[in-house]
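# Notes for the structure review
So you can see what is in the structure, the chains are spelled out below.
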Amino acid sequence: MQFGLSQEQTLLQDSVTKYLRDQVALDKVRLIASGELNDAEIWQGLSELGLPGLMIPEAHGGVGLGALDAVVISECLGYHVTPSPFISSAAMAPVPLIASNRDDMLAGIATGELRVGVAFGEAIGARTGAGVVAKGATLSGKCLFVLDGDADHYLIATTDKKIFLVSTNASGLKRNALRTIDITRSTCELVLDNVAADLISEDPRVYERTLDMGRVMQAADTLGAAQCMLDQAVVYAGQREQFNRVIASFQAVKHMCADMLANLEPCRALVWYAGHAMDDIPDEARMLACHAKAHLSEVGRGVAKTSTEVHGGMGFTDLVGLHYWFKRIGANRQLLGSPELVREEAALVQKLVDQA
Amino acid sequence: MDLSYGTEYIAFREEVKGFISKNKDKQPKAGAEPGNPELLAWQALLIANGFHSRTIPKAYGGYGAEPDIIKPRIISEEFSKAQINTGFSGQGISMLTPVLLEMGTEAQKQQFIKPTIHGEMVWCQGYSEPGAGSDLASLTTKAELDGDEWVINGQKIWTSTAHLADWIFCLVRTEPEAPKHQGISFLLFDMNTPGIEIRPLVDMTGKANFNEVFFTDVRVPKHQIVGNRGQGWLVANAILGHERGSLAPPDAAQSRLDGVTRLMNSETIGGEKVIDNPVYRDRLLKLQGSVLAQKANDMRLLSARINQDQSAKLAGMIVKLTGTELRHEIEGLAIDVMGEIGLAYGDNPYLRGNGSWQYQYMYYLGLIIGGGTSQIQKNIISERGLGMPKEPKIEAK
């Protein structure tokens, strides 16, 4: 029995961490957040490490690894608040495209040249004014807060759990960037007027697996981001002096850090287990994906607040930049289903509530 | 990630199942008092087959198996699945026996371990005092050597099962001049020794789960000490580490959460099942997320023990804190699910589940405090886990 990361997974973690530490420091994140740069250069760098094709079979130019490996990557990206379309293009998009044998797309995604965004919000629960309807081979309507504002194609889900593929260049499609609180990753609005769409999947299980994959990766991203916030809080508290002592020696501050650790450490095992279930325990995968997403949303929010408080006034400033992590955790919470909605799905999966 | 226990354990699981199906009718009846012959016979049967005291050497009355982390787990899984009595527990078995094996003399091992694990000798623990709780090392119950005997004077508190115990393992101050951690010794003595008075301490549950124990010129043979004079703190710490992990295991939390789910399916409010109320349901699902996280953490810890992996150190430090707090919340949800029925207690005819939800809700508040309070746990986590500095020391009065 071995519960945890394999040696290969630890090596993967180390090599991605090294790249991010050296090449994607906070200064670079700031440039992207301010709009002076886009994430293309980072995605290019991550492509050289094989990340876009991590879960695409080797026959199609990918690395052929599993969800737990992707969890390891996602955690690293969250830790470094790395701007990238990893969750949409590398984790979610390959699921339906592999299921429907869209080999033409897979090779491009694997090299990182093709970016596929994800518009699932309207299938999970459309907000006022949003919603998308299929008519024949066309889609019309509006998708909000679509993952990746720079994608070449989008996978759009409808309420009956069908998944369609549209090209960003398709006639009748209008894409508007949507600024959000999390400026490390881009989102957009898609306005569709009879846009030609490829039906990729009619199987609700494919839709669910795609969504679950995204949620597990969000949970891992939050795990990494929250761990970084805890680490920064401990370092800061060990340096900052007040009343002639470092503030880390005050019980009030120590207990805040202990609380963060006590809440976060079991999350690590939960996220690993949810990733493993996506690979090897199909019966538990849905329930665990929902819980990983919801639980990390709650714990992440607590850590984000507490770490900021440990930093005192400096935590509130742009100078320290802690807010990039705070907002990243916030975005992972709201996108692909807020915790209340996701827990209700977990209840449905377990038949704790009537399917009606 | 490999969650299978491996093929060599398949046969062992079958052996456990075989034992259960053959012997389950020999189980003692629920509620039998300690000393009941049925209980003692069942205990002997469990030990003879290696399902209790598995790794304790045969010479000391145990089964004498090689240490193995997975087999006890399989035993516990199968016994729990079949709801079979797992035999005696208690502080003599869980805390004193490991200490004697580690630090006791050969004579002490011979004298105490066999009757203890067979349930013939019940122990209580004399650690806390009215003035020594979180700061346990400041304890003042003193033992002075008079010829071949220790003479003990002082008071202990929070002594669970003192009224049932045959013997006590007790921390006393033997070196008043030494620094506080180095002046303590670990003594064993008979609870029938003259000079011991036990007063039950009724707690918020309405029961006397604990006692106060008073010592007045209690005379104890000199050799009934574990370790050397002044080493008692080392011995006590070894045991406390063992106790912390076992107070609120995640599997028990899962089983209580399943109980809340059943309760929410059977209780109704104005004709509607509680499980159909989305507010209550969300509270249940929130707790389920925490239980799943703690169960995964527990698997990680098991794996770390098997593979001697040091990377899960922090994951182990938090289990007392998070486990007891979570149990308290689970029991509290059940009370809220019952609304005013959640107030019922004692012989109230509307009581659900024998009042266990109300009892455990209070009992787990006790466990949040006992065995190192949540606040002491947070000191340990932040100082030993995160490397944060201790508070500056105040000079002793």
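What counts as what
- Residues numbered from 1 in each chain as written.
- Chains lettered and ligands numbered in written order.
- Predicted model: local features only at pLDDT ≥ 70, side-chain atom pairs only at ≥ 80, totals over all residues.
- Heavy atoms only, no water.
- Helix = DSSP H or I, 4+ residues; strand = E, 2+ residues; numbered from the N terminus.
- Rg over C-alpha atoms; globule rule 2.2 N^0.38 Å.
- Buried < 20%, exposed > 50% of the residue type's maximum accessible area, 1.4 Å probe, protein only.
- Contact = heavy atoms within 4.5 Å.
- Areas by Shrake-Rupley, 256 points an atom, 1.4 Å probe, with all protein chains shown as cover.
- Lys, Arg positive; Asp, Glu negative; His and termini not counted.
- Charge placed at Lys NZ, Arg CZ, Asp CG, Glu CD.
- Salt bridge = Lys/Arg side-chain N within 4 Å of Asp/Glu carboxyl O.
- Axes fitted to C-alpha atoms, helices over the stretch in contact; angles between N-to-C directions.
- Parallel < 35°, antiparallel > 145°, perpendicular 65-115°, else oblique.
- Left-handed = near helix turned anticlockwise from the far one by under 90°.
- Domains from an automatic or database assignment.
- Buried area = accessible area lost by both parts, 1.4 Å probe.
- Polar contact = N/O pair within 3.5 Å; in protein donor to acceptor, adjacent residues only side chain to side chain.
- 1 Å grid on protein atoms, 1.4 Å probe; cavity = no way out; pocket = protein on both sides within 12 Å on 5 of 7 lines; lining within 4 Å.
- Points joined across faces, edges and corners; volume = space filled by probe spheres on them.
- Nonpolar A, V, L, I, M, F, W, Y, C, P; charged D, E, K, R; others polar.
- Expected span 1.5 Å × (residues − 1).
- Phe/Tyr/Trp six-rings, centres within 6.5 Å; stacked < 30°, edge-to-face > 60°.
- Core = buried A, V, L, I, M, F, W, Y, C linked by side-chain atoms within 4.5 Å.
- Patch = residues over 30% accessible without salt bridge, like charges linked within 9 Å, V, L, I, M, F, W, Y side chains within 5 Å.

Once that is clear, we can look at the overall build of chain A. Looking only at helices and strands, chain A features 13 helices and 10 strands. Relative to the compact-globule value of 21 Å for 356 residues, chain A shows a C-alpha radius of gyration of 20 Å, a close match. Dimensions of chain A along its principal axes, counting C-alpha atoms only, are 70 × 50 × 45 Å. Burial statistics for chain A: of 356 residues in total, 60% are counted as buried. Within chain A, contacts between residues separated by at least 24 positions form 73% of all contacts whose residues are at least 6 apart in sequence. As displayed, chain A offers around 14000 Å² of accessible surface, 52% of which is attributable to carbon and sulfur atoms. Each charge class in chain A was averaged separately, 31 positive and 43 negative side chains, and the resulting centres sit 7 Å apart.

To continue, consider the pattern of salt bridges. Should the charged atoms of two oppositely charged side chains come close, the side chains can pair. Following the criterion strictly, the structure yields 48 salt bridges over all chains and no others. Between Glu383(B) and Lys254(A) there is a salt bridge, with the nearest N and O atoms lying 2.5 Å from each other. Residue Glu383(B) is located in helix α12 (residues 374–385), and its partner Lys254(A) is located in helix α10 (residues 251–280); the two belong to separate chains. Of the two residues examined, Glu383(B) and Lys254(A), each falls in the buried class. A salt bridge links Glu38(B) to Lys29(B), with the shortest nitrogen-to-oxygen separation between them at 3.1 Å. Of the residues examined, Glu38(B) reaches a relative accessible area of 32% and is grouped as partly exposed. Through salt bridges with shared partners, one network takes in Lys161(A), Glu208(A), Asp212(A), Arg215(A), Arg286(A) and Glu345(A).

Before going further, it helps to examine the packing of helix α7 (residues 250–266) of chain B against helix α8 (residues 278–307) of chain B. Residues and elements named next belong to chain B. Interaxial distance between α7 and α8 falls to 9 Å at its minimum, and their mutual angle equals 160 degrees. Between α7 and α8, the angle is such that the two are roughly antiparallel. Here α7 and α8 pass one another in a crossing that is left-handed. In this structure, α7 contributes Pro-250, Asp-251, Ala-253, Gln-254, Leu-257, Val-260, Thr-261 and Met-264 to the contact, and α8 contributes Tyr-280, Arg-281, Leu-284, Leu-287, Gln-288, Val-291, Gln-294, Lys-295 and Asp-298.

The next subject is the domain arrangement of chain B. Taken domain by domain, chain B comprises domain 1 (8–88), domain 2 (123–230) and domain 3 (247–385). The C-alpha-based centres of domain 1 of chain B and domain 2 of chain B are spaced at 32 Å.

The subject of this paragraph is the environment of Glu144(B). Residues and elements named next belong to chain B. When you line up the elements, Glu-144 lands in strand β2 (residues 142–146). Overall, the relative accessible area of 44% leaves Glu-144 in the partly exposed class. Between the C-alpha atoms of Glu-144 and Thr-174, which are 30 residues apart in sequence, the distance is 6.2 Å. Those residues in contact with Glu-144 that sit more than four places away from it in its chain are Glu-149, Trp-150 and Val-151.

Turning our eyes to something else, we now look at the interface of chain B and chain A. Chain B puts 43 residues into the contact, and the matching count from chain A is 43 residues. Per-residue buried area on chain B facing chain A is highest for Met1(B), Arg300(B) and Met388(B); these three make up 19% of the total on that side. Where chain B touches chain A, the interface holds 6 salt bridges. For Glu344(A), the salt bridge is made with Arg281(B), and the minimal N-O distance between the two is 2.4 Å. For the pair chain B and chain A, the interface holds 17 residue pairs in polar contact (both at pLDDT 80 or more). Counting only elements with at least two residues in the side of chain B that touches chain A, the list comes to α8, α9 (313–317), α10 (319–338) and α12 of chain B.

Turning our eyes to something else, we now look at empty space enclosed by the protein. Under the definition given, this model contains 1 cavity of 30 Å³ or more. Here the largest cavity is characterised by a volume of approximately 40 Å³. Grouping the constituent residues of the lining of the largest cavity by class yields 3 nonpolar, 3 polar and 3 charged.

Our focus in this paragraph is α7(B). In an α-helix, one full turn covers 3.6 residues, which means residues spaced three or four apart are oriented alike. Residues and elements named next belong to chain B. Helix length check: α7 (17 residues) gives 24 Å between terminal C-alpha atoms against 24 Å at 1.5 Å per residue, within 8%. For α7, the set of buried residues is Pro-250, Ala-253, Gln-254, Arg-256, Leu-257, Gly-259, Val-260, Thr-261, Leu-263 and Met-264. Residues of α7 that are buried sit in contact with β10 (272–273), α8, α10 and α11 (356–369).

In this section: the packing of aromatic side chains. Residues and elements named next belong to chain B. Here the structure, examined in full by the defined rule, presents 18 aromatic pairs over all chains. Centre to centre, the rings of Tyr-359 and Tyr-363 are 5.8 Å apart; their planes meet at 15 degrees, and the pair counts as stacked. Placement of both Tyr-359 and Tyr-363 in helix α11 is noted, with a separation of 4 residues, approximately one turn of the helix. Judged by its relative accessible area of 29%, Tyr-363 falls in the partly exposed class.

Here we take up α8(B). Residue and element names in this part refer to chain B. In a regular helix each residue adds 1.5 Å, so 30 residues correspond to 44 Å; α8 covers 43 Å between its end C-alpha atoms and thus fits that length. Put simply, Asn-277 is the residue that caps the front of α8, since its side-chain oxygen is 2.9 Å from the backbone nitrogen of Val-279. One or two residues past the end of α8 sits Gln-308, with phi positive at roughly 50 degrees.

With that out of the way, let us pick up the nonpolar core. Within the largest apolar cluster, 131 residues are counted, with the highest numbers of intra-cluster contacts made by Phe3(A), Phe86(A), Phe120(A), Met217(A) and Phe79(B). For this core, the element with the highest residue contribution is helix α9 (residues 204–239) of chain A, accounting for 17 residues. Residue contacts for Phe3(A): discarding those within four places in its chain leaves Ala269(A), Trp272(A), Tyr273(A), Met1(B), Leu3(B), Ala296(B), Met299(B), Arg300(B) and Ser303(B). With 27 residues, the next largest nonpolar core counts Ile47(B), Val99(B), Leu100(B) and Ile117(B) among its residues.

Residues and elements named next belong to chain B. Phi angles above zero are rare outside glycine, and Gln-83 is one such case at about 50 degrees. The residue Asp-217 is not glycine, and still its phi comes out positive at about 50 degrees. If you trace the backbone, Asp-217 turns up in strand β7 (residues 210–221). On the accessibility criterion, Asp-217 (48% relative accessible area) is partly exposed.

Right, let's get into the packing of α9(A) against α10(A). All names here are of chain A. Here α9 crosses α10 at 155 degrees, and the two axes come no closer than 9 Å. Between α9 and α10, the angle falls in the class roughly antiparallel. Both α9 and α10 take part in a crossing whose hand is left-handed. Considered class by class, the residues forming the contact of α9 with α10 number 19 nonpolar, 2 polar and 3 charged.

Attention shifts here to a nonpolar patch on the surface. Nonpolar side chains collect at one region of the surface, where Met204(B), Leu365(B) and Ile369(B) lie side by side and expose about 280 Å² of accessible area between them. Within the secondary structure layout, Ile369(B) lies in helix α11.

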